[in-house]
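# Structural overview
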Amino acid sequence: METTRLETFSDGIFAIAATLLILEIRLPGQGTLTHQLLHLWPSYVAYATSFVTIGIMWINHHEIFRYVGRANRTFLAISVLFLMVIAFIPFPTLVLARHLNDGDATAAAAFYGLTNVAMAAMFSALWFYAVHRGHLLAAGADQRAVRGISRSFLPGVPLYAVATATAFISSWIAVGLFFALAVFYVLESSLFARG
């Protein structure tokens, strides 16, 4: 079957998840406006990290459909699970924003990280199922690019797992690593697409 409906549904989920991120940022209602705006800095950090992550996931999801030409029921089921994780991202983002600067920062960063591990695992499952024996690849898909994308997906789960484990050392280092991983996946196509 064609992928058009799946791509449209996916775009909707990505858009809703990205929009929900900003809806959770609210003024605390105490002190001057300047104080309230400055007090929200953990929300800004969490928002930026999650928005960039969702944005990169959307870009890479869009990119893989240059090579995936058809879908089957299993591919659709994996897609639903992947999109379920994407739609969940606003909740750990809210938890991270509320607790990044208090005694629960480690738990908040670890929870956020586990969501990223699940996201990377589901995205990898989606891609590797599609390219397994080439059964869902588009006719004439560039095999060099397919191999490059596969190489770029391999370190995803381990890297997110390491970043998550880092939360037990420093929640700030973990958040920095989550942001760095998002930037890495902006660049991954140029880094890994070489034969």
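Above this text is the structure in question.
Report follows, based on the coordinates. (Residues numbered from 1 in each chain as written. Predicted model: local features only at pLDDT ≥ 70, side-chain atom pairs only at ≥ 80, totals over all residues. Heavy atoms only, no water.)

### Quick word on the nonpolar core
Our working definition: Buried Ala, Val, Leu, Ile, Met, Phe, Trp, Tyr and Cys residues form a nonpolar core when they are joined through side-chain atoms within 4.5 Å. The cut-offs for exposure are 20% and 50% of the maximum accessible area for each residue type, with area from a 1.4 Å probe on protein chains only; residues under the lower value are buried, those over the upper are exposed, and the others partly exposed. Strands here are runs of E lasting at least two residues and helices are runs of H or I lasting at least four, both read from the DSSP assignment and numbered beginning at the N terminus.
Grouped together as the largest cluster of nonpolar side chains are 54 residues, with contacts concentrated most on Phe75, Phe82, Ile86 and Trp127. Every element with two or more residues in this core is listed here: helix H1 (4-23), helix H3 (41-64), helix H4 (73-88), helix H5 (90-99), helix H6 (105-131), helix H7 (143-153), helix H8 (156-166) and helix H9 (171-192). Broken down by element, the residue count for this core peaks at 13 residues, all from H6.

### Digging into the environment of leucine 38
You can see leucine 38 is positioned in helix H2 (residues 33-39). In sequence terms leucine 38 and isoleucine 22 are 16 residues apart; their C-alpha atoms lie 16 Å from each other.

### Description of the packing of H4 against H6
The criterion, for reference: Helix axes use the C-alpha atoms of the stretch in contact, all axes being lines fitted to C-alpha atoms, and the angles between their N-to-C directions lie in the range 0 to 180 degrees. When an angle is under 35 degrees it counts as roughly parallel; over 145 it counts as roughly antiparallel; between 65 and 115 it counts as roughly perpendicular; any other value is oblique. For any pair of crossing helices, the crossing counts as left-handed if the nearer helix is rotated counterclockwise from the farther one by less than a right angle, and right-handed if it is rotated clockwise. Whether two residues are in contact is decided by their heavy atoms, any of which lying within 4.5 Å being enough. Residue type decides the class: Asp, Glu, Lys and Arg count as charged, Ala, Val, Leu, Ile, Met, Phe, Trp, Tyr, Cys and Pro as nonpolar, and the leftover types, Gly among them, as polar.
Here H4 crosses H6 at 160°, and the two axes come no closer than 9 Å. One way to sum up the angle between H4 and H6 is to call them roughly antiparallel. You can see that H4 and H6 cross each other, and the crossing is left-handed. Contact with H4, carried on its side by Thr74, Phe75, Ile78, Ser79, Leu81, Phe82, Val85, Ile86 and Phe88, involves Phe111, Thr115, Ala118, Met119, Met122, Phe123, Ala125, Leu126, Tyr129 and Ala130 of H6 and no other residues of that element. Looking at side-chain class alone, the contact of H4 with H6 contains 16 nonpolar, three polar and no charged residues.

### Considerations on the packing of aromatic side chains
To be explicit about the condition: For this analysis, a ring pair means two rings from Phe, Tyr or Trp (six-membered ring only for Trp) whose centres lie within 6.5 Å, classed as stacked if their planes differ by under 30 degrees, edge-to-face if by over 60, and tilted for the remaining angles.
Scanning the entire structure with this criterion turns up eleven aromatic pairs. Summarising the aromatic geometry, the rings of phenylalanine 123 and phenylalanine 153 are spaced 5.0 Å apart at their centres and angled 50° between planes, so their arrangement reads as tilted. Taken together, the residues phenylalanine 123 in helix H6 and phenylalanine 153 in helix H7 connect sequence positions 30 residues apart. For phenylalanine 123, a relative accessible area of 4% puts it in the buried group. Three or more aromatic residues link up through ring pairs in this structure, and these residues are Phe14, Phe82, Phe123, Trp127 and Phe153.

### Here we look at a nonpolar patch on the surface
Worth spelling out the cut-off: Two joining distances apply to patches: 9 Å for like charges and 5 Å for nonpolar side chains (Val, Leu, Ile, Met, Phe, Trp, Tyr), and every residue must have over 30% relative accessible area and no salt bridge. The protein chains shown are the only cover counted for residues, whose accessible areas, like all others here, come from Shrake-Rupley with a 1.4 Å probe. The salt bridge definition used is simple: a Lys or Arg side-chain nitrogen within 4 Å of an Asp or Glu carboxyl oxygen.
Residues Leu27, Leu33, Leu37, Trp41, Tyr44 and Trp172 make up a contiguous nonpolar surface patch of about 560 Å² in total accessible area. Only H2 and H3 provide two or more residues apiece to the nonpolar patch. Looking at the secondary structure, you find leucine 37 in helix H2.

### Here's the deal with the packing of H1 against H4
Running from N to C, H1 and H4 point in directions that differ by 10°, and their axes come no closer than 9 Å. One way to sum up the angle between H1 and H4 is to call them roughly parallel. Of the residues in H4, those touching H1 at Leu6, Phe9, Ser10, Ile13, Phe14 and Ala17 are Phe75, Leu76, Ser79, Phe82, Leu83, Ile86 and Ala87. By residue class, the composition of the contact of H1 with H4 is eleven nonpolar, two polar and no charged.

### Comments concerning the environment of isoleucine 59
As for its placement among the helices and strands, isoleucine 59 is situated in helix H3. Put simply, isoleucine 59 and valine 186 are 127 residues apart on the chain and 8.3 Å apart in space, counted from C-alpha to C-alpha.

### Points about H1
For clarity, the threshold we go by: By definition here, a helix of n residues has an expected span of 1.5 Å times n minus one. The directions considered for the arc are those from the helix axis to the C-beta atoms.
Between its terminal C-alpha atoms H1 stretches 29 Å, which fits the 28 Å expected from 20 residues at 1.5 Å a residue. Restricting attention to buried positions, one finds in H1 the residues Leu6, Ser10, Ile13, Phe14, Ala17, Ala18 and Leu21. Along the axis of H1, the buried residues cluster in a sector spanning 125°; they form a single face. More than 90 degrees from the buried face of H1, the exposed residues found are Arg5, Thr8 and Ile16. Where H1 is buried, its residues contact H3, H4 and H5.

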